[in-house]
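If you want the building blocks of each chain, they are given just below.
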Amino acid sequence: MIIRCMKIEDYDEIFDMWQITSRRALDSADSRENISRYLTRNPGMSMVAVADGKIVGTVLAGHDGRVGFIHHMAVHPDYRRKHIGKMLAGEAMNRIAADGIEKMQIYCYIDNAMGQSFWNSLGFNKTDNILFYKDLK
Ligand SMILES: CC(C)(COP(=O)(O)OP(=O)(O)OC[C@H]1O[C@@H](n2cnc3c(N)ncnc32)[C@H](O)[C@@H]1OP(=O)(O)O)[C@@H](O)C(=O)NCCC(=O)NCCS
């Protein structure tokens, strides 16, 4: 298994995997154009895990100049509980920290116990903030 930077050329393979791992979290924000823009705005921070010749894990990572964010933290079901997620998130956070960022924020569905256990295991604490949402068109 190797971990390397995500490239826009990975998009089709990643998007196929997200249909399995992250379907509920996918929306129009995840178009090829938007992911391309995200990777350009946050160079070298989003990672993929490759095993057996295919992408088996993703982390979309970046920062806004003051706080780091991770989206689409996902590992294919056949490859879970091997610390691939932990390695992906760790690599992304090292790269965000190297850019001078000191805090991370993660969005996780309130009923995603697996996601919450994962983030807890990486030292994240749940907050009592509520996420507000609005479409701009
Ligand atoms: C969450 C996810 C990315 C974890 O990937 P992973 O590679 O299996 O996780 P790791 O092996 O690195 O797990 C690290 C630690 O997280 C915790 N953890 C991971 N999966 C867990 C589960 N199903 N139940 C309880 N704890 C879990 C454990 O503490 C684990 O350490 P351990 O195996 O030594 O006990 C993966 O389950 C996934 O893709 N889930 C669907 C998408 C999702 O919900 N993503 C998170 C969005 S907020």
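Coordinates for the structure precede this section.
What this report covers is the structure whose coordinates are included nearby. Keep in mind it's a predicted model, so treat the numbers as computed, not measured.

Thoughts on the sheet that holds strand E3 (residues 54–63)
- With mixed pairing, the five strands of this open sheet are ordered in space as E1-E2-E3-E4-E5. Of all the strands in the sheet, the pair left with one neighbour each is strand E1 (2–5) and strand E5 (104–106). For this sheet the average axis-to-axis angle between neighbouring strands, irrespective of direction, equals 25°.
- Together, strand E2 (47–51), E3 and strand E4 (68–75) form the strand contacts of helix H1 (residues 11–21), whose direction differs from that of E3 by roughly 95°.

What about the environment of Ile-3?
- Mapped onto the elements of the fold, Ile-3 is located in strand E1.
- When the C-alpha atoms of Ile-3 and Ile-55 are compared, they prove to be 9.5 Å apart, with 52 residues separating the residues in sequence.

What about the pairing of E3?
- Counting buried positions along E3 gives eight out of 10 residues, so the element sits mostly inside the fold.
- Bridging between E2 and E3 involves five bridges; their strand directions are antiparallel. Paired with Val-48 across the two strands is Thr-58, which belongs to E3.
- Across six bridges, E3 lies against E4 in antiparallel orientation. If you follow Thr-58 over to E4, its bridge partner there is Ala-74.
- Between the antiparallel neighbours E3 and E4 lie four residues, among them Gly-65 with a positive phi of about 105°.

Notes on the environment of Asn-94
- With respect to the helices and strands, Asn-94 occurs in helix H3 (residues 84–98).
- Here the alpha-carbon distance between Asn-94 and Met-45, two residues 49 residues apart in the chain, equals 8.8 Å.

Re the site of the ligand
- As a structural note, the neighbourhood of the ligand is formed by 19 residues, with Arg-80, Gly-85, Lys-86, Ser-117 and Ser-121 the closest of them.
- Listed by contribution, the elements that provide at least two residues to the shell around the ligand are E4, H3 and helix H4 (113–121).
- Looking at the shell around the ligand residue by residue, the classes come out as seven nonpolar, eight polar and four charged.

Re the nonpolar core
- Of all hydrophobic cores here, the largest spans 22 residues; its most connected members are Met-47, Val-59, Ala-61, Ile-70, Leu-88, Ala-89 and Ala-92.
- Taken together, the elements giving at least two residues each to this core come down to H1, helix H2 (32–41), E2, E3, E4 and H3.
- In contact with Val-59, not counting residues within four places along its chain, are Ser-46, Met-47, Ile-70, His-72, Met-73, Leu-88, Ala-89 and Ala-92.

Describing the pairing of E2
- Strand direction decides the pairing type here: E1 and E2, joined by four bridges, are antiparallel. Of the residues in E2, the one forming a bridge with Arg-4 is Val-48.
- Between E2 and E3, which pair antiparallel one after the other, the connecting turn spans two residues, and Asp-52 there sits at a positive phi close to 50°.

Some words on unusual backbone geometry
- Of note, His-72 is a non-glycine position whose phi angle comes to about 50°, a positive value.
- For His-72, the location among the structural elements is in strand E4.
- The phi angle at Arg-81 is positive, at roughly 60°, despite the residue not being glycine.
- Counting through the fold element by element, Arg-81 comes out in the loop between E4 and H3.
- The class of Arg-81 is exposed, set by 7 C-beta atoms lying within 10 Å.

Calculation rules
- Residues numbered from 1 in each chain as written.
- Predicted model: local features only at pLDDT ≥ 70, side-chain atom pairs only at ≥ 80, totals over all residues.
- Pairing = 2+ DSSP bridges.
- Helix = DSSP H or I, 4+ residues; strand = E, 2+ residues; numbered from the N terminus.
- Axes fitted to C-alpha atoms, helices over the stretch in contact; angles between N-to-C directions.
- Contact = placed C-beta atoms within 7 Å.
- Buried ≥ 20, exposed ≤ 12 C-beta atoms within 10 Å, placed from the backbone.
- Near = placed C-beta within 6 Å.
- Nonpolar A, V, L, I, M, F, W, Y, C, P; charged D, E, K, R; others polar.
- Core = buried A, V, L, I, M, F, W, Y, C linked by C-beta atoms within 7 Å.

Take it as geometry only, folks, not as evidence of what the structure does.
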